[in-house]
Amino acid sequence: MTDLIPALSPEEIAEIEHEVSLIPRRDGAAIDALMIVQRHRGWVSDASIKAVAALLEMSAEELDGIATFYNLIFRQPVGEQVILFCDSVSCWLRDADSVKQRLIDTLGIDYGQTTQDGRYTLLPVPCLGACDRAPVMMVGDELHSQLHDCDLNALLAPGEASD
Amino acid sequence: MIDRPLTQHLRQDGSPVFMTDYRGGGGYEGLRRVLADSSPEDCLQQVKDSRLRGRGGAGFPTGMKWSFVPMGEKAGVGPKYLIANADEMEPGTFKDRIILEQDPHQLIEGMILASYALQANVAYIFLRGEYTVAAERIETAIKECYSAGYLGENIQGSGYSLELHLHRSAGRYICGEETALISALEGKRANPRPKPPFPQVSGLWGRPTIVNNVETLCNITHILTHGAQWYQSLGIGQDSGTKLFGASGNVNNPGCWELPMGTPIREILEQHAGGMREGYTLRGFLPGGGSTDFLTPDHLDLAMDYDVIGKAGSRMGTGTMIILDDRHCPIAMVRNLSHFFAQESCGFCTPCRDGIPWIVQLLDRFESGQATEADLALLEEKARFIGGMGNTHCALAPGAMEPVTSALKYFRDDFERHIHDGRCHYHSDVGGH
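Because the structure is a prediction, the values reported are computed rather than measured.

Peer 1: What's the story with the sheet that holds strand β8 (residues 320-325) of chain B in this structure? I'm lost.
Peer 2: In sheet architecture, strand pairing relies on hydrogen bonds along the backbone and comes in two forms, parallel and antiparallel. Residues and elements named next belong to chain B. An order of β6-β5-β8-β7 is seen for the four strands of this open sheet, with the pairing classed as mixed. Whereas interior strands pair on both sides, the edge strands pair on one side only; in this sheet they are β6 (255-260) and β7 (282-286). In this sheet, adjacent strand axes meet at a mean angle of 30° when their direction is disregarded. Both strand β5 (residues 242-249) and β8 contribute to a ladder of four bridges, which runs parallel. Pairing of G249 across the sheet is with I323, part of β8.

Listed below in structure tokens is the structure:
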């Protein structure tokens, strides 16, 4: 099994070992470890699952069961930025459906897909907790609100995706 | 005396209050006094006397919850834990975000005080992953606390020590359920756990653990600083204190306001939310998030108190109301909510995992005009079963069915008309889908 560990970088291993040091069980760091790998690589591949599982002394199957449970852990490659579109009830009441349609028209993709240029992946997300400013979505780490007044073309135009 | 303790430090522009300004406004003064003068037992008694009830949705008395934590030698060997539930994900709820982003020290001071009362030496803030701005500001505030000697070894020379960590979650609504949250913090799938054992006795890593909502913990700061009597006097109805109330939907001024417990619903909707937008009429509302029962315009004069709303057949939940207007189909609205809960089921038990998607399919038949009287009967039967306490592993499915069963009660005409007309009569207007 040890020959699988080099699939993780020394930085990733150091960060994961730091998380392990804070808790009583190695496999308890599973979610943190997956998030660390994702921060470095953008997503979590099968090779990463095997390597992290070996490092945390657990089975790859069990770790994959955890990885696939959480919606912010990506088991497929995603675009440079992930768009988390809120389609929960308060945004729906403020016409999120038509904003979503504009988003689909602008990007040419639907939920679960990535633009051909690899810049954006579109995903639904549970209520983003900004219902007073509905409809809302996140682009990368940034929240965008009151989207019916928003020029989506300008927001998502090339050059806007770097931050 | 302060009458809006939770929002007293907030600024008009929403910029964050950090250590210098927080202390300038009296922050950490309560902590200093408690550590110098009060025992953990005194603190627990104050919290019990305050009659504070949990602000996360269930409304359980906080002092009673804490009183189940074993103290002294009864706690056995190893740490006890306090966890702030900052996994704000209930549909229509946007109250904790405000404190987490703008006044993180208020939460941290409440957590230190709560941890001291419980003699917990390790605490976590379990923050939903999408709250990126809050994450940065909490990290800054935690660093400030370690530098100022409010966290770490021997806090303010009291001999009491506390480590505080921020955990950024990887998603899923179910993590807001306290035992599921503990599973997630242990690195597992966030399946809820059977109770007993209760987390107060056997929680994180099998050790005594308290999980409290962000707003609940913020209240601790003020109760232990100003006393239980003062706190009780803030409420204008049966319950103590103030509450972060909110309204979203087609109102003129959607927002979140700190108001006394017991504030009438009409005052919140008409004065603070500014009434309905022009061209929209109020049809109903969910008083405290997506998993509470509908109330109607007949209930506008009720006080926002836990037992008053309970007696009216709903729950105060998170206190952030979602407003249904006359231009949106009530069936489409509960379809949206049911879809959310179907998606967020952890999948552990069959009635929830398979039952809620069945409800979505039935609601879709109404929206597409295919529903029959038999579908209506089936919908009622299944919603009642899935919503029956004890029929599912945790409270997610019963919560999910609250808007469905109450819609069947209050908007039955809409269900009948969809069957009769063979279509959704809102489709030509906004809000169909």
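Having seen the model, we can carry on.
Peer 1: How should the nonpolar core be read in this particular structure?
Peer 2: Within soluble globular proteins, side chains that are nonpolar generally end up buried alongside one another. Counting 173 residues, the largest nonpolar core has A:V52, B:M111, B:L113 and B:A123 as its most contacted members. Top element by residues in this core is helix α6 (residues 104-118) of chain B. It accounts for nine residues. In this structure, B:L113 is in contact with B:L31, B:V34, B:C43, B:I220, B:T221 and B:L224, ignoring residues within four places of it in sequence.

Peer 1: I keep staring at the domain arrangement of chain A and nothing clicks. Help me out?
Peer 2: Put simply, an interface is often sized by how much accessible area is lost when its parts join up. Per the domain assignment, the segments making up chain A are domain 1 (2-67) and domain 2 (81-155). Placing a centre on the C-alpha atoms of domain 1 of chain A and another on those of domain 2 of chain A gives a separation of 31 Å.

Peer 1: Would you mind showing me how to read unusual backbone geometry here?
Peer 2: What is expected of a backbone is that most residues other than glycine have negative phi and most peptide bonds are trans. For the peptide bond that leads from A:A134 to A:P135, omega is -5°, which places it in the cis range. Residue position: A:P135 is located in the loop between β2 (120-125) and β3 (137-139). If you check the backbone angles, A:E57 has positive phi at about 55° while not being a glycine. Relative to the elements of secondary structure, A:E57 occurs in the loop between α3 (46-55) and α4 (60-67). You will see that B:Y28, though not glycine, has its phi angle at about 70°, which is positive. Structurally, the position occupied by B:Y28 is in the loop between α1 (19-24) and α2 (29-37). We classify B:Y28 as buried; it has 20 C-beta atoms within 10 Å.

Peer 1: Looking at this structure, I do not really get the pairing of strand β1 (residues 81-86) of chain A. What am I missing?
Peer 2: Along a regular strand, successive side chains alternate from one face of the sheet to the other. Residues and elements named next belong to chain A. Summarising burial for β1: six of the six residues are buried, a large majority. Every second residue of β1 is oriented toward a common face, with Q81, I83 and F85 on one face and V82, L84 and C86 on the other, all of them buried. Direction of pairing for β1 relative to β2: parallel, over a ladder of six bridges. The partner of V82 across the bridge, within β2, is T121. Strand direction decides the pairing type here: β1 and β3, joined by three bridges, are antiparallel.

Calculation criteria
- Residues numbered from 1 in each chain as written.
- Chains lettered and ligands numbered in written order.
- Predicted model: local features only at pLDDT ≥ 70, side-chain atom pairs only at ≥ 80, totals over all residues.
- Pairing = 2+ DSSP bridges.
- Helix = DSSP H or I, 4+ residues; strand = E, 2+ residues; numbered from the N terminus.
- Axes fitted to C-alpha atoms, helices over the stretch in contact; angles between N-to-C directions.
- Core = buried A, V, L, I, M, F, W, Y, C linked by C-beta atoms within 7 Å.
- Buried ≥ 20, exposed ≤ 12 C-beta atoms within 10 Å, placed from the backbone.
- Contact = placed C-beta atoms within 7 Å.
- Domains from an automatic or database assignment.

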